[in-house]
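Coordinates in review
Below are the chains, spelled out letter by letter.
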Amino acid sequence: MNLNEINIDEIKSVHNNIKDIFAKEEAEKYLLWFKDNKEKLNYFYELLEDNEEKDLYAKTVYTKLTGHVYVPEEEKQKYLLSREQFDKELVDDSVMKLKSVTRKLKFYNLKNLGYDLKLYGARALLDKIVVHNQYSHKNCRVRDGDFVIDGGGCWGDTALIFADKAGEKGKVFTFEFFEDNLNVLKKNFSLNETTAKKVVLIEKPLYNKSDNILYLNNACADITTLTETENNSHGYETISADDFVSYNKIKKIDFIKLDIEGCELKALSGAERTIKKYKPKLAIAAYHKYDDYYEIPKFINELNLGYKFYFSSYTPIGTDTVIYAK
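Scope of this entry: the structure provided in the associated data block. Because the structure is predicted, anything quoted here is derived from the model rather than measured.

Notes on the overall build of the chain
The helix and strand tally for the chain stands at 12 helices and 13 strands. The C-alpha radius of gyration computed for the chain amounts to 20 Å, which stays within 12% of the reference 20 Å derived for 326 residues, consistent with globular compactness. Referenced to the eigenvectors of the C-alpha coordinate spread, the extents of the chain come out at roughly 55 × 50 × 45 Å. Sorting the 326 residues of the chain into buried and exposed places 54% on the buried side. If you sum the accessible surface of the chain, you get close to 15600 Å²; carbon and sulfur atoms cover 45% of it. Positive and negative side-chain charges in the chain, numbering 49 and 53 respectively, have mean positions lying 4 Å apart.

Below is the structure:
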């Protein structure tokens, strides 16, 4: 499938059959944007190296346009079953409660899945990261000895997994600022002290410039968003990856992962010198904004460093997509 095969009139007729009001509204909004921005989406399509990934990318766009109506039921069930089976890795009935959302994190042992780690987390997120290797592509992944920037540390799961993959000579720099997340992250680090010794925690949000103040726009654990507009919430001082690497005289950066709720492009901009100097592998979340599929690869491509581009989706409904570059 390619993007030129998408028929707008057909999409409109599909919208009439979407029963979920939210899904229908979102699909209609995305279609309006798509009609004016199809060429932007084609830009990334043409950059992709692999024909199967081109097909996956086009199908992901189509899935969003149709409000998930045409997602095969077997794909949905396979995805749900994988999440349910993840509960086989539960240690016991202990949980950690979050303050910002009515959610309880369960306690998992990942040893049977290849990681000597015990941690608190959410089944759906851990399943994607551990079983389906979100942020890890066959051509673009953390390897032994890598120095990693982990943008969006959340509960510490990705940092610990990256540290495990990077080995004794590797190092992970994880950036997390939200108190609710930090409480879980620090607990998980305490449960995995040997692996956590290879992780450096920076309690600031990554951004294009250091010393800016950002304010909470949505305080909800794993989907915490920030705004430059001052409000009554707590302000957080930003740091750019370039400044962090420079101030701390870090000798190399091999891999950058960013999943920071819509601030990915800003953080990439703040890592431009680092990217030009070390040409790290990149794993960038691309599902928070409509134009992520254009602005993110365009920024990377226009650095003229010879990056090759790859793509994966980690849910059957087209969310949790990642752009990889190497």
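So much for the structure itself; the text now carries on.
Description of the packing of helix H2 (residues 21-47) against helix H12 (residues 292-301)
Interhelical geometry of H2 versus H12 gives an angle of 50 degrees and a closest axis separation of 8 Å. The angle between the axes of H2 and H12 places the two elements in the oblique class. Both H2 and H12 take part in a crossing whose hand is left-handed. Contacts between H2 and H12 involve Lys40, Leu41, Tyr43, Phe44 and Leu47 on the former and, on the latter, Tyr293, Tyr294, Glu295, Pro297, Lys298 and Asn301. Broken down by class, the residue content of the contact of H2 with H12 amounts to seven nonpolar, one polar and three charged.

Let's talk about helix H7 (residues 179-191)
With 13 residues, H7 extends 19 Å between its outermost C-alpha atoms, agreeing within 8% with the 18 Å of an ideal straight helix rising 1.5 Å per residue. Buried within H7 we find Asp180, Asn181, Leu182, Val184, Leu185, Asn188 and Phe189.

Here's the deal with the pattern of salt bridges
Enumeration according to the criterion identifies 14 salt bridges in this entry. The partner of aspartate 150 in a salt bridge is lysine 257, and the shortest N-O contact between them spans 2.9 Å. Residue aspartate 150 is located in strand E4 (residues 147-151), and its partner lysine 257 is located in strand E10 (residues 255-258); the two are separated by 107 residues in the primary sequence. Like aspartate 150, the residue lysine 257 is buried in the burial classification.

Observations concerning the sheet that holds strand E5 (residues 171-175)
With mixed pairing, the seven strands of this open sheet are ordered in space as E6-E5-E4-E10-E11-E13-E12. Because the sheet does not close on itself, it has two edges, and the strands there are strand E6 (199-202) and strand E12 (309-313). Shown here is a sheet whose adjacent strand axes are inclined to one another by a mean of 15 degrees, direction ignored. Bridging between strand E11 (residues 281-285) and strand E13 (residues 321-325) involves four bridges; their strand directions are antiparallel. Bridged to isoleucine 284 within E13 is isoleucine 323. Contacts from H12 reach E11, E12 and E13, with the element oriented near 15 degrees to E13.

Structural notes on the packing of helix H5 (residues 123-131) against helix H6 (residues 157-166)
Taken N-terminus to C-terminus, the directions of H5 and H6 make an angle of 20 degrees; their axes are 11 Å apart at the nearest point. Of the possible angle classes, the one that applies to H5 and H6 is roughly parallel. Crossing handedness for the pair H5 and H6: right-handed. For the pair formed by H5 and H6, the contact residues are Leu126, Ile129 and Val130 on the first element and Asp157, Thr158 and Ile161 on the second. The residue makeup of the contact of H5 with H6, split by class, is four nonpolar, one polar and one charged.

Brief notes about the packing of aromatic side chains
The final tally for this structure, using the stated rule, is 18 aromatic pairs. Summarising the aromatic geometry, the rings of tyrosine 30 and tryptophan 33 are spaced 5.9 Å apart at their centres and angled 10 degrees between planes, so their arrangement reads as stacked. Note that tyrosine 30 and tryptophan 33 are positioned in helix H2 at a spacing of three residues, about one turn of the helix. For tryptophan 33, a relative accessible area of 16% corresponds to the buried category. For the pair phenylalanine 44 and tyrosine 57, a centre-to-centre distance of 5.0 Å together with 80 degrees between the ring planes defines the contact as edge-to-face. Of the two residues, phenylalanine 44 is situated in helix H2 and tyrosine 57 in helix H3 (residues 51-65); the sequence distance between them amounts to 13 residues. As far as burial versus exposure is concerned, phenylalanine 44 and tyrosine 57 are alike and both buried.

How each quantity is defined
Here the residue numbers are simple positions, counted from 1 along each chain's written sequence. Residues qualify for local features only when their pLDDT is at least 70, as the model is predicted, and side-chain atom pairs are given and counted only at 80 or more; totals for whole chains, interfaces and linings, by contrast, use all residues. Based on all heavy atoms of the structure, the side-chain values leave hydrogens and waters out of the count. By the criteria applied, helices consist of DSSP H or I runs no shorter than four residues and strands consist of E runs no shorter than two, each listed in order from the N terminus. Computation of the radius of gyration draws on C-alpha atoms, with the globule rule given as 2.2 Å multiplied by the number of residues to the power 0.38. Partly exposed describes any residue whose relative accessible area lies between the buried limit of under 20% and the exposed limit of over 50%, with all areas from a 1.4 Å probe on protein chains only and scaled to the type maximum. Accessible surface area values rest on a Shrake-Rupley calculation with a 1.4 Å probe, where residue burial reflects the displayed protein chains alone. By the counting scheme adopted, Arg and Lys are positive, Glu and Asp are negative, and His together with the chain ends is not counted. Charge placement uses NZ in Lys and CZ in Arg. For Asp and Glu, CG and CD serve respectively. A fitted line through C-alpha atoms represents every axis, and for helices the fit uses only the stretch in contact; the resulting angles, taken between N-to-C directions, go from 0 to 180 degrees. We call two directions roughly parallel when the angle between them is under 35 degrees, roughly antiparallel when it is over 145, roughly perpendicular when it lies between 65 and 115, and oblique otherwise. The crossing is said to be left-handed when, going from far helix to near helix, the turn is anticlockwise and less than a right angle, and right-handed when the turn is clockwise. Every residue pair with non-hydrogen atoms within 4.5 Å of one another is taken to be in contact. Three residue categories are used. Nonpolar comprises Ala, Val, Leu, Ile, Met, Phe, Trp, Tyr, Cys and Pro, charged comprises Asp, Glu, Lys and Arg, and polar comprises the others, including Gly. Multiply 1.5 Å by the residue count of a helix minus one, and that product is the helix's expected span. The term salt bridge refers to a pairing of a side-chain nitrogen on Lys or Arg with a carboxyl oxygen on Asp or Glu at a separation within 4 Å. At least two DSSP bridges between two strands are needed for those strands to be called paired. Two rings belonging to Phe, Tyr or Trp (six-membered ring only in the last case) form a pair when the distance between their centres is within 6.5 Å. Interplanar angles under 30 degrees mark stacking, angles over 60 mark edge-to-face geometry, and anything in between is tilted.

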